[in-house]
Protein chains: 2
Amino acid sequence: MTSTTGQSSGTTPQSLRRIVLARRPEGVPVEEDFRLETVPVTPPGPGEVLVRAVHLSLDPWVRGAMTGRNLGHPPIHPGDLVPGRSIAQVVDTGAWVVAETGWQEYATVPADSLKPVTVPPGVPRTAVLGALGTPGLTAYAAINRHLRPVIGDTVVISSATGAVGGMAGQLARLAGARTVALVGGKAKVELATEYFGYAAAVDRHDPEWAEALAAACPDGVHGYLHMAGGEVLRGVANLLATHARVSLCGLPEHSNEVGGETVLPAGAVMRSRATVHGMVVYDHFDLRPEFAARVGRLLTEGRVRLLEDEHHGLESTPRAFGRLMAGLNTGKAIVHLDPDTSDN
Amino acid sequence: MTSTTGQSSGTTPQSLRRIVLARRPEGVPVEEDFRLETVPVTPPGPGEVLVRAVHLSLDPWVRGAMTGRNLGHPPIHPGDLVPGRSIAQVVDTGAWVVAETGWQEYATVPADSLKPVTVPPGVPRTAVLGALGTPGLTAYAAINRHLRPVIGDTVVISSATGAVGGMAGQLARLAGARTVALVGGKAKVELATEYFGYAAAVDRHDPEWAEALAAACPDGVHGYLHMAGGEVLRGVANLLATHARVSLCGLPEHSNEVGGETVLPAGAVMRSRATVHGMVVYDHFDLRPEFAARVGRLLTEGRVRLLEDEHHGLESTPRAFGRLMAGLNTGKAIVHLDPDTSDN
């Protein structure tokens, strides 16, 4: 691991631009749900530092917090700064850190809340927001603790080219499983097989997706990572092999509040004698050191690949977030706030 | 353990009475779904013996087999002998055995399919059909492998005074859990608390049962054994504690085909980070020796109690089976076919 440091990132600004929630979104967020405003910079108090946000992470849990449905963050109300994690530079020292800045250019934060940015050789700094961050840990915990694939198992991943799914599919493949991607849209089918190495990929927008998935899983489904709608869960449940494992990792009603309640057919669970786990990454933070070491090494060796859905400029954030929540992103969604550092 | 033996049980009969399926039942079976008939005894061929059924076990899986929904038995068609297990005596030797006789007075069966009846001191012979048989093993496996209660957990058992539930509740209590019974009908509330030792019991026919269950589980539900309808599963799911375990052990659509499809709300599983297991006893036969030794000892010591729902005479079998499938039984349903041996 190498710690990245830098020079002082310049003089202290007097004001900053930030994005606040304008109104509670309905369904997939749109640009009008947010408002860009300019406010004075809060001078750091004792124990605080001013950081400049450089690479802003966009994450689905933020949508849940907008309606009070996130376990790890209090509800966000109209007028509130939208929360979010960034790779940032401490203004006074230039040190690169991970900070909970929210969607703004500068943030005054407790000095002891900062984590140094450490990435293994050959890995871009932004990996700490995706493959080496919470999405990667989610994938690592779901695969190693819930799905536990063994050689020859068939593992199905939904949202298979997203920040969590892309990593989960690669880890399951490295564990010896035959991996099958469920993706939203034709364009992602090739991405899934060519870039992420899935053995097969099925577009869940295809009306015959369930038949296509069954054809792609002739031995049934031994492991399933669920981050899609209820109709997908039902379709996969019908294909579960004996003693299958299912990890429930994301539900539409927890994020966009679209669609009905997601339910799991109990008969399919009994028939397959499956084990179904409710997956929340906060339960798996004990895995962080092991995860960072192992996945970091896989990244350095090129055995797992990163994919980032890149956007530029704070003003592009609402639209980029809407794309993420509509499932239009490919890979980890990141907004580069500073054009000088957009290439890491 | 003592092996019970006896004298020759008399001369070989020429004919026997048996009960066949008259038609495929709809919902809870009624007497008209069955037919009593008298047929000649099949003389034993090479490797076969004639046994006299004495205590006939009535089991819910038989209802599933009538509609081809049982994993362990082929479908039963009109005209077929209804399958079932008995405690029987070999006609030639008087030896007590467990045999797959079906619902009839005598059966010609392969000699190597018989198991000797062995019960620990002070335990009635019929225990091998219930507490020391498949229902007891189901309870033992569900508690020890799926729900795994620890001291202070709250464990909810549905069908709590039945052959499986009565044993499961007692085993969970012995493991240090606070046990709460879900029963069908007011009469079973007292049976659950006074006889089986549940800390509380709730009648699920009470319109306010969900509120009553919530009041009985102030710390939430850490373990739940499900053998009831979908509305019960949904109500309990709302009360699951963090990292709860749920064992799906019986569904109405697999037995009586009444009610709609049972579904589990995925949101409740995620919120509680629960683990849900599909439970089929055939997966747990490896536990048999351990189960027989441990539960046998608990029975001898009087630390777990038996309860039998006793009926007399082959002709009472259809009605007794209807009661079982309507949930009107209390304890293990048994038909004593021979008045001389009804008291074990």
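Remember, predicted model here, so these are calculated numbers, not experimental data. Sequence order as written defines the numbering, with residues in each chain counted from 1. Throughout, the order in which chains and ligands are written sets their labels, letters from A for the former and numbers from 1 for the latter. Owing to the predicted nature of the model, reporting of local features is limited to residues with pLDDT of at least 70; listing and counting of side-chain atom pairs is limited to 80 or more, with chain, interface and lining totals taken over all residues.

K.L.:
Is there a simple way to explain the packing of helix α2 (residues 134-147) of chain B against helix α8 (residues 288-300) of chain B in this structure?
P.N.:
Angle between the axes and distance between the axes: these two values describe a pair of packed helices. Residues and elements named next belong to chain B. Think of each axis as a best-fit line through the C-alpha atoms, taken over the contacting stretch in the case of a helix, with angles from 0 to 180 degrees between the N-to-C directions. Put simply, DSSP marks the helices as runs of H or I at least four residues long and the strands as runs of E at least two long, and each gets a number from the N terminus on. Look at α2 against α8: their axes get within 10 Å of each other, and the N-to-C directions meet at 100°. Between α2 and α8, the angle is such that the two are roughly perpendicular. Together, Gly136, Leu137 and Tyr140 of α2 and Arg288, Phe291 and Val295 of α8 make up the contact between the two elements. Residues belonging to the contact of α2 with α8 are distributed by class as follows: four nonpolar, one polar and one charged. Orientation is classified from the angle alone, with under 35 degrees giving roughly parallel, over 145 giving roughly antiparallel, 65 to 115 giving roughly perpendicular, and any other angle giving oblique. By definition, residue pairs are in contact when their C-beta atoms, positioned from the backbone, come within 7 Å. Residue polarity follows a fixed list, in which Ala, Val, Leu, Ile, Met, Phe, Trp, Tyr, Cys and Pro are nonpolar, Asp, Glu, Lys and Arg are charged, and the others, Gly among them, are polar.

K.L.:
What am I meant to see in the relation of the copies chain A and chain B here?
P.N.:
Think of it as a corkscrew move, a rotation about one axis and a shift along it, taking one chain copy to the other. Superposition of the copies used a least-squares fit over C-alpha atoms from residues whose pLDDT is at least 70 in both. When chain A is fitted to chain B, the best match, at an RMSD of 0.0 Å, comes from turning it 180° and sliding it 0.0 Å along the axis. Taken together, these values place the two copies in the relation of a two-fold axis.

K.L.:
Would you take a moment to explain the environment of B:Val128 for this structure?
P.N.:
Residue and element names in this part refer to chain B. Inspection of the secondary structure puts Val128 in the loop between β9 (118-119) and α2. Between the C-alpha atoms of Val128 and Ile87, which are 41 residues apart in sequence, the distance is 8.2 Å. Sequence-distant contacts of Val128, defined by excluding residues within four places in its chain, comprise Ile87, Val98, Val117, Val119 and Gly133.

K.L.:
Quick question: what am I supposed to make of the sheet that holds strand β12 (residues 200-203) of chain B here?
P.N.:
Hydrogen bonds along the backbone pair up the strands of a sheet, which may run parallel or antiparallel. Strands pair, by our definition, only if DSSP identifies at least two bridges between them. Spatially, β12(A)-β11(A)-β10(A)-β13(A)-β14(A)-β16(A)-β16(B)-β14(B)-β13(B)-β10(B)-β11(B)-β12(B) is the arrangement adopted by the twelve strands of the open sheet, whose pairing is mixed. The sheet is open, and its two borders are formed by β12 (200-203) of chain A together with β12 of chain B, each paired with just one other strand. For this sheet the average axis-to-axis angle between neighbouring strands, irrespective of direction, equals 15°. Across five bridges, the pairing between strand β10 (residues 154-158) of chain B and strand β11 (residues 178-183) of chain B is parallel. Counted as the bridge partner of B:Ser158 is B:Leu182 from β11(B). Packed onto the sheet, helix α5 (residues 209-216) of chain A meets β11 (178-183) and β12 of chain A and runs at close to 170° relative to β12(A). Against the sheet, helix α6 (residues 230-237) of chain B engages β10, β11, β13 (221-226) and β14 (240-248) of chain B, with an angle of about 170° to β13(B).

K.L.:
Quick question: what am I supposed to make of the confidence of the model for chain A here?
P.N.:
Low pLDDT marks stretches whose predicted atomic positions should not be read closely. Residues and elements named next belong to chain A. By definition, pLDDT measures how confident the predictor is in each residue, and it falls between 0 and 100. Across chain A, pLDDT averages 92, with 93% of residues at or above 70. Residue range residues 1-6 is modelled with pLDDT below 50. Its contacts to residues more than four positions away, or to other chains, number 16 contacts. On the interface metric, ipTM, the complex scores 0.87, and its pTM is 0.90.

K.L.:
Hey, could you run me through helix α9 (residues 317-325) of chain B in this one?
P.N.:
For an α-helix, 3.6 residues make a turn, and residues three or four places apart therefore share a direction. All names here are of chain B. Exposed residues have 12 or fewer other C-beta atoms within 10 Å of their own C-beta, buried residues have 20 or more, and residues in between are partly exposed; the C-beta atoms are placed from the backbone. Among all positions of α9, only Thr317, Pro318, Ala320, Phe321, Leu324 and Met325 are buried. Mapping the buried residues of α9 onto a view down its axis gives an arc of 160°, with all of them on the same face. Count one or two residues on from α9 and you reach Gly327, which has phi positive near 75°. Starting at the helix axis, one direction is taken to each C-beta atom, and the arc is that of these directions.

K.L.:
Honestly, the domain arrangement of chain A in this entry has me stumped. Any pointers?
P.N.:
Frequently, the measure chosen for interface size is the accessible area removed from exposure when the parts meet. Residue and element names in this part refer to chain A. Residue ranges for the domains trace back to a domain assignment, done automatically or taken from a database. For chain A, the assigned domains read domain 1 (2-129 + 307-341) and domain 2 (134-283). The centre of domain 1, based on its C-alpha atoms, is set 29 Å off from the matching centre of domain 2. The interface of domain 1 with domain 2 comprises 16 residues on the first partner and 17 residues on the second. Looking at side-chain class alone, the side of domain 1 that touches domain 2 contains five nonpolar, eight polar and three charged residues.

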